[in-house]
Structures are given as structure tokens and as C-alpha cells.
Amino acid sequence: MTISAPKMTIKRHLPWPLMVLLWAAVLAVGSLAAVWTYQLGRNNLPGLHGDTGEQIEQLSEQVRKLTAENERLQSASNASQNELKIAQTAQATLATQVKNLEAENNRQKEDLAFFDSLLPTNLGAPGITIQRFKAEQAAPTQLRYRVLVMQGGGGTQQFAGNLQLSINIVQGGKNATLNFPEGNAADQARYRLAFKYYQRVEGLLTIPEGATVKSVAVRVLDRGQVRAQQSVDL
């Protein structure tokens, strides 16, 4: 023991067997705490009792089956929607075709009746006649008319005259009559007749807004004298 001797530090330590026992006790306590926590969780969650892996496999199988069933139903639904759209389109197309065929059939009937009336055996007595007259509402303020005027008896002279149309309406609770053509010369030119055997005339008439058409009359005038007339109710 001298002044130049190194300093000494006295440390207190446990024997290594005791240290091993101490660490073993700590690990045992930790393991017991982990096991106790796991058991507590299983008791609080009934779904975890039994074979968890088997339950998960069963649930996975149910999910797969439900997914497959959902896909099958979705596919069937899409197929049904497509079939419905196709059926609706076909129905609309057929309805349009039927409407067009009916219009064409009516036109052919009218033409057949017209040409049949031109046969020599059906020429009838000489004179001007209105073979066909139709009037229908084309729009709230428009009326469409069609007229077929004929000269019977095999006449060979040219006929010259004009049409006159009268529309009986109700407007504001009052009856009124509209006459066509109007007074101006341009309007009168639209209703002139000039034919040897027949002449078709058609056009649109303007009516006041809110007026209700009751009937329409057409007359064939020859120098101011009525040669033929006809009327229809609407």
C-alpha cells in the first residue's frame, strides 16, 4: 500500500445462481401474465372458444359461397335487364312499323277509291263534286285539311273556280266563324282551282290560340256560285 497504488472500487454483486433464479422468476411471472391475459380474452369473446382455425375456415368458406352466389345473381340480373331493353326496343320498333303500315294502308285505300271513281262506269252525272274532305288538328293553333275535287260525266271542259273554307269555333264561351281565303290577293291564290278531271288541295289553316274547333266546311265556288260543298265535325 503506497501513494502510487491504483484506486480500488468495492462492488457488491449477487452470486450467479441467485441471478439465474431471479431471472427465471421474472420470466415465469411474465408468462403467467400473458397466459392470464389470453384466457381473459377468450372468456370475454365467446366466438374464440373451440378451434379458432376451424371457425375461420368455415367463415371463409361461407364468404366464398356468398360471393359466388352474389356474382351469379348479379349476372342473372344483368341478363334480365338486357333482355328487357331488347324487348322494349323491339316493341317500340314494331309499334312504329304498325303505325306506318296503317297510314300507308289508309292512303292506298283512298287512292284505290279515287281511281275506282275515275272508271267510265262510275263517272256519274256531269258536274263538280267533292269526293273526299278531311280536316284534323295538326297543332293547338293549326288545322290541316285535304280536299279532292272532281268533275264527273267525262267532262272535257277545263274547270276554273276556287275553294272556300269555314271553321266554326268556340272561343271565350262565344261561337265564331273563320272564313278562308282572307281578303288579300296572295291568300286567294292558294285556293284557286283549275282542272279537267280532278284536283287535290291540302294545306294548314291558322286558328286563334285557345279556340276549340267544332266543325269545318268546304265549298267549291264557280264565279261566286256554290257548285259543291261538304262539312265535317271535329
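Residues numbered from 1 in each chain as written. Predicted model: local features only at pLDDT ≥ 70, side-chain atom pairs only at ≥ 80, totals over all residues. Heavy atoms only, no water.

Here the largest pocket defines a volume of roughly 240 Å³. Every residue lining the largest pocket is listed: Arg107, Glu110, Asp111, Arg132, Lys134, Arg146, Val147, Leu148, Arg200, Val201 and Glu202. Those elements giving two or more residues to the lining of the largest pocket turn out to be helix H2 (52–117), strand E1 (127–139), strand E2 (142–152) and strand E6 (198–206). Tallied by class, residues from the lining of the largest pocket come to three nonpolar, no polar and eight charged. (1 Å grid on protein atoms, 1.4 Å probe; cavity = no way out; pocket = protein on both sides within 12 Å on 5 of 7 lines; lining within 4 Å. Points joined across faces, edges and corners; volume = space filled by probe spheres on them. Helix = DSSP H or I, 4+ residues; strand = E, 2+ residues; numbered from the N terminus. Nonpolar A, V, L, I, M, F, W, Y, C, P; charged D, E, K, R; others polar.)

This part takes up unusual backbone geometry. With an omega of 5°, the peptide bond running from Phe180 to Pro181 counts as cis. Mapped onto the fold, Pro181 is located in the loop between strand E4 (174–180) and helix H3 (185–189). One non-glycine residue, Arg223, lies in positive phi territory at about 55°. Mapping Arg223 onto the fold places it in the loop between strand E7 (212–222) and strand E8 (225–233). Among the residues examined, Arg223 registers a relative accessible area of 76% and is labelled exposed. (Buried < 20%, exposed > 50% of the residue type's maximum accessible area, 1.4 Å probe, protein only.)

This part covers the nonpolar core. Core analysis: the largest hydrophobic core is formed by 27 residues, its most contacted members being Phe133, Leu163, Leu165, Ile167, Val216 and Val220. Counting only elements with at least two residues in this core, the list comes to E1, E2, strand E3 (159–171), strand E5 (192–195), E6, E7 and E8. Ranked by the residues each element gives to this core, the list is headed by E3, at five residues. Not counting residues up to four positions away in its chain, the partners in contact with Val216 are Phe133, Ala135, Leu143, Leu165, Ser166, Ile167, Gln230, Ser231, Val232 and Leu234. (Core = buried A, V, L, I, M, F, W, Y, C linked by side-chain atoms within 4.5 Å. Contact = heavy atoms within 4.5 Å.)

As a further point, take the pattern of salt bridges. Across all of its chains, the model carries six salt bridges by this definition. Notably, a salt bridge pairs Glu69 with Arg72, separated by 2.6 Å at the nearest N-O pair. Of the two residues, Glu69 and Arg72 are both situated in helix H2; the distance of three residues between them amounts to about one turn of the helix. Residue Glu69 is classed as partly exposed on the basis of its relative accessible area, which comes to 35%. Between Arg223 and Asp222 there is a salt bridge, with the nearest N and O atoms lying 3.3 Å from each other. (Salt bridge = Lys/Arg side-chain N within 4 Å of Asp/Glu carboxyl O.)

Attention now moves to the pairing of E5. Burial of E5 is one-sided: the residues Leu193 and Phe195 facing one way are buried, the residues Arg192 and Ala194 facing the other way are not. One ladder, built from four bridges, connects E3 with E5; its direction is antiparallel. Bridging from a neighbouring strand, Ala160 pairs with Ala194 of E5. (Pairing = 2+ DSSP bridges.)

With respect to the helices, strands and loops of the structure, Gln151 is situated in strand E2. A relative accessible area of 15% places Gln151 in the buried class. In this structure the side chain of Gln151 is engaged in a polar contact, spanning 3.0 Å, whose partner is the backbone oxygen of Gln157. A polar side-chain atom of Gln151 sits 2.6 Å from the main-chain carbonyl oxygen of Lys196. In this view, Gln151 contacts Gly127, Ile128, Gln157, Phe159, Phe195, Lys196 and Tyr197; residues no more than four positions away in its chain are not counted. (Polar contact = N/O pair within 3.5 Å; in protein donor to acceptor, adjacent residues only side chain to side chain.)

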